[in-house]
Amino acid sequence: MDDMSTLLNGLDLRYAVSVAELGGEEAIYQQRQLLAGKGWLIPAVDALCREWPTLINRENARDFLVEALQEADLFTFDGLADVISLSPAALSGAATHVVELLRAFNQTADLRQDMALELWTRLAIGGWCSALEVRAALATRATHAASVGEDASPYLVRSLGAAFDRWNDNELEEGLRLFADAEDSNSDSLMELGFHSIGRAAAAGTLTAALDEMRMATVWFTRAEQDDDRRDAHAFALITGRIHHFGSGNPITPEDVTEVEDSVYTYLSGFVGEEPHWRQPRADTSASWARLISSLAGVADLHQQEWMDAANLIAAAADVYIAHRSLTLVIDPSQVNERTLGASLAQRGIATILQPQIENGLAAASAPIAFLDRWLAREKEHHATGSELPQFDTVAELRQRLVEMAPDNPKAGGGSDTGDTSTRLGETPQFVAMKAAAAESPEAAKLLDEWQRHITPLNFAQEELLERLIKGIHDHAEGNSVAYDGQMRALVSALIRFTARYLDQLQSGQRKVPWLRPEKTDLPGEDVLADSLDDALYFAGLNSKAEVANVGGGRVDVLVEFQRCRFAIEVKRELTHHTDDQLVSKYGTQAVQYAATDVTAVFLAVLDYFERQERLDIDAVFWTRQLQLDPLSRKYALTALRVQAHVDSPSASSRRSGYGRVSKPNNRV
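Predicted model, so just to flag it, every value in this text is computed and none were measured.

Draft legend 1. Just the overall build of the chain, in detail. A tally of helices and strands in the chain yields 28 helices and 6 strands. Going through the 669 residues of the chain one by one, you find that 51% of them count as buried.

Draft legend 2. Examining the sheet that holds strand E1 (residues 543–551) more closely. Spatial strand order, E1-E2-E3-E4-E6-E5: 6 strands in an open sheet with mixed pairing. Two strands lie at the open edges of the sheet, namely E1 and strand E5 (622–627), each paired on one side alone. Neighbouring strand axes in the sheet, compared pairwise and without regard to direction, differ in orientation by 30 degrees on average. Against the sheet, helix H26 (residues 526–539) contacts E1, strand E2 (554–561), strand E3 (566–574), strand E4 (601–608) and strand E6 (636–644), and its axis sits at roughly 145 degrees relative to E3. In this fold helix H27 (residues 580–593) packs onto E3, E4, E5 and E6, with an angle of close to 55 degrees to the strand it touches most, E5.

Draft legend 3. A look at helix H4 (residues 41–50). For H4, a buried count of 7 out of 10 residues is recorded, marking the element as mostly surrounded by other parts of the structure. As for H4, its buried residues are in contact with helix H2 (25–30), helix H3 (32–37), helix H5 (58–71), helix H6 (74–85) and helix H7 (88–105).

Draft legend 4. View of the confidence of the model for the chain. Overall, the prediction assigns the chain a mean pLDDT of 78, with 70% of residues at 70 or greater. Overall, residues 302–329 carries pLDDT values under 50, and its contacts beyond four positions in sequence, including any with other chains, amount to 90 contacts. Of the regions scoring below 50 in pLDDT, residues 362–366 engages in 15 contacts with residues more than four places distant in sequence or in other chains.

Draft legend 5. Looking closely at helix H13 (residues 207–228). Here H13 spans 32 Å end to end across 22 residues, near enough to the 32 Å set by a 1.5 Å rise per residue. Of the residues making up H13, those classed as buried are Ala 210, Leu 211, Met 214, Ala 217, Thr 218, Trp 220, Phe 221 and Ala 224.

Draft legend 6. Up close: the pairing of E4. Burial within E4 is extensive, with 8 of its 8 residues counted as buried. Residues of E4 alternate between two faces, with Ala 601, Phe 603, Ala 605 and Leu 607 on one and Val 602, Leu 604, Val 606 and Asp 608 on the opposite face, all of them buried. With 6 bridges connecting them, E3 and E4 associate as parallel partners. Bridge assignment links Arg 573 to a residue of E4, and that residue is Leu 607. Read as a crossover between parallel neighbours, the route from E3 over H27 to E4 is right-handed. Sheet analysis places E4 next to E6, joined by 8 bridges and oriented parallel. By the bridge assignment, Val 602 is partnered in E6 with Leu 638.

Draft legend 7. Fine view of the side chain of Ser 159. Considering the arrangement of structural elements, one finds Ser 159 in helix H10 (residues 154–167). Discounting chain neighbours no more than four positions away, the residues touching Ser 159 are Leu 117, Glu 118, Thr 121 and Leu 138.

Draft legend 8. Looking closely at the packing of aromatic side chains. Counted by the stated rule, this structure contains 9 aromatic pairs. Ring geometry for Phe 562 versus Phe 567: centroids 5.9 Å apart, planes at 80 degrees, classification edge-to-face. Overall, Phe 567 belongs to the buried group, its relative accessible area being 0%. By the ring-pair criterion, three or more aromatic residues cluster together here, those being Tyr 484, Phe 562, Phe 567 and Phe 603. Positioned above the aromatic ring of Phe 105 is the side chain of Arg 112, whose terminal nitrogen or guanidinium carbon lies 5.5 Å from the ring centre.

Draft legend 9. Representation of a negative patch on the surface in the model. A cluster of acidic side chains, namely Asp 151, Asp 184, Asp 227, Asp 228 and Asp 229, defines a negative patch on the protein surface. Looking at the element boundaries, Asp 184 is found in the loop between helix H11 (170–180) and helix H12 (187–203).

Draft legend 10. Highlighting the side chain of Arg 642. Mapped onto the elements of the fold, Arg 642 is located in strand E6. In this structure Arg 642 comes out as buried when scored by relative accessible area, which is 4%. A distance of 2.9 Å separates polar atoms of two side chains, one belonging to Arg 642 and the other to Asp 580. Residues contacting Arg 642, with those up to four places away along its chain left out, are Thr 499, His 578, Thr 579, Asp 580, Leu 583, Val 606, Asp 608, Arg 612, Leu 616, Val 621 and Trp 623.

Thresholds, definitions, all that
Residues numbered from 1 in each chain as written. Predicted model: local features only at pLDDT ≥ 70, side-chain atom pairs only at ≥ 80, totals over all residues. Heavy atoms only, no water. Helix = DSSP H or I, 4+ residues; strand = E, 2+ residues; numbered from the N terminus. Buried < 20%, exposed > 50% of the residue type's maximum accessible area, 1.4 Å probe, protein only. Pairing = 2+ DSSP bridges. Axes fitted to C-alpha atoms, helices over the stretch in contact; angles between N-to-C directions. Contact = heavy atoms within 4.5 Å. pLDDT = per-residue confidence, 0-100. Expected span 1.5 Å × (residues − 1). Right-handed = clockwise from strand over helix to strand, strands pointing away. Phe/Tyr/Trp six-rings, centres within 6.5 Å; stacked < 30°, edge-to-face > 60°. Lys NZ or Arg CZ within 6 Å of the ring centre and 35° of its normal. Patch = residues over 30% accessible without salt bridge, like charges linked within 9 Å, V, L, I, M, F, W, Y side chains within 5 Å. Areas by Shrake-Rupley, 256 points an atom, 1.4 Å probe, with all protein chains shown as cover. Salt bridge = Lys/Arg side-chain N within 4 Å of Asp/Glu carboxyl O. Lys, Arg positive; Asp, Glu negative; His and termini not counted. Charge placed at Lys NZ, Arg CZ, Asp CG, Glu CD. Polar contact = N/O pair within 3.5 Å; in protein donor to acceptor, adjacent residues only side chain to side chain.

So this is what it looks like as C-alpha cells:
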C-alpha cells in the first residue's frame, strides 16, 4: 500500500496515466479501495480500458470495472460511465456483466437509478445489449417520477431523449411530454422534444410534413427559452423559425443571419473550457445551422427577373445544396461519440424544405439566362471575338428572346406568375422557347441538354457513389479534410455527372461524340478529354480552367479553384488495358505533385481507348487510393476516374456466342 501511495503522490491527476505508471495490472486490482480513496479510480479504469487489448488478465479487469461501478459514489459513477461507454475494447468483454449491475440498480427510484439508466441506454444504442428491456425501464421510470411529482434529473431526460430519437417509441415520447407539461415544466425535456422534431423534419418525405415538424420544433424551443431563459433554446428557436420561414417561400435577410449568428455565438461561447456531455454534439450543430442560414441569405435574389451577379448567385444556390449535404445538422444517437464526416442519409428531409425554393428560382426566367451568359462568356474566352462564330449569335439571340419573355418585362404581354411555388422547369415559357430554339439550332440543343443535366440531382446510384468517394477521400487525405468537404462534394458530383454522361453515350452513328470510338488510325489525345471535362465543370458552376501553368511547379491539365482551396485534375490517355492500381502507379506521382501547396485531395482522369466488349458500370470506373511521395510529405487521397472511349454497345453482347461471365465481387475504395 505504501508503494501505491508513493506512486500516486508522484502523478498528476490532470493527465492520463498508463497501467505501468500505476504499478501494473495486479497492483491496480489489489488496491481498488486505495485508488478510490485518493480520487484515482476513474484514471485507473481509463488506463485499463485504453490498454484492454494488451492486458494479461482481462477477467480480473472486468471484475474491477464492475466492482468500481458498484461501489462508486455518484460523482465517480458518472465519470466511470463516460469512460466505460467510450471503450469498445473493454465493452467487448465486460458489457454483459455491466448490464447485470445496471439492471440491479434499476430497482430503486433515485438519482443512481437515473445514472444507471443513462449508461444502460448508451450501451443499448451502441448495440452492446438488448434495447427492449431498457426502453421499458425508461418508460416505467418516467411514468413513476411524473406521477409523484418528482423533478426529472438530467440523466433521465437525456436517456429518454436519446432512446426516443433512436427507437421512436410512443411511451418514451409520453415520458418526455409528462415532464414538459408538468406545472414546473422541465426545459431539458422541452429541448429533447425540439431536437426530435428537427430529426422528424429532416426525415420527412413531403414539404408539408417537414415544415410542420420544423414549426413544432420552434414551439418546443420557444417554451424552453421562456421557462428557463436558456441560450441554447433561444438559438434553436431562431434557427428553426428561419428555416420554416424560408421553406414557406420567404427570403432570409442579412438581419436574420446576424441575429442567428449572434445567438449561436452567445450560446457556444458560454461553454468554452467545459467538458461537453454525450448528448452535446446535437446542440453543437447550431454552428452548422447558422452557416446554412447564411447561405440561404445568399439566394435572396434568386426569384428576381434580372440577376445582378449571376455567377455569385449560382454559387450561392450551389452552396445551399452543399451545406445541407455536407454540414452535420442532425446527429444520430449512435454516432454521438464518433467524428461525423458529412451529412447522414437521415438529413435528406432537409432538402425537402430547401430545394423547392432554390429549384423554383432556377426554373424561372433568369436561370436559363444566367446559364446562357456563362456559355457566352466561355466562348469569348476561347475566341478573340464572338461575332466570328455563327453559334454565338444564335445563342445571343435566344438569350434576348428569353429576356423579353420574362413575366415582368413590358414586352412580354403577361406570362406566368413566378410567385407560384408550384412552377416547374417544364412549365415555364422560357423553357418552351429554349426547346423551340433547340429544334432549330444544334448549338441551342446542346445547351438545353447541358443545362438540364446540371440542374438534375444525382440519381440514387450516383449519390451512393458520391458518399463512397467522399468517405475514401476523408479516410486517405492527411489534414482536416472536413474543412473543404463542401467543395469536394461539388467537384465530385460534377465529375460523376460528366462520367455518367459519356457512359450513357452511344459510341456509334452520326450523332456520337467524335472522340468516342474513333478510327484506330486517328485516336485523339488526352487534350480532348481535358477540354470536355473543363467545359462540363465550368457549366456546372465551378471555377474551372484548362492548361494552367505554375501549379506545383508544372502545368496542370484542369484546375478547379475555390476561395480557399483548389483541386488539380491530371488527364491521361491509355491505349492498352491497365488496372486501377497500375494507372495510379503510372500517373499518381505526377498528379499528387500538383497539390504540393494545397489540400491533399487530387484527381486523375483517364481516357481509356482499350477495346472492351462490355462496359464497366458507374461504380467501377471510380476509385480512391492513398499516396505519399516522401516520408516527410503529407499523405494524399488520389481519386481517379476512367472514361471508356472504345466499348461495344450492349446489343453486341447478344450477338456473340456464349453465356455472360460472372466474376467475383470486387470491393472498391
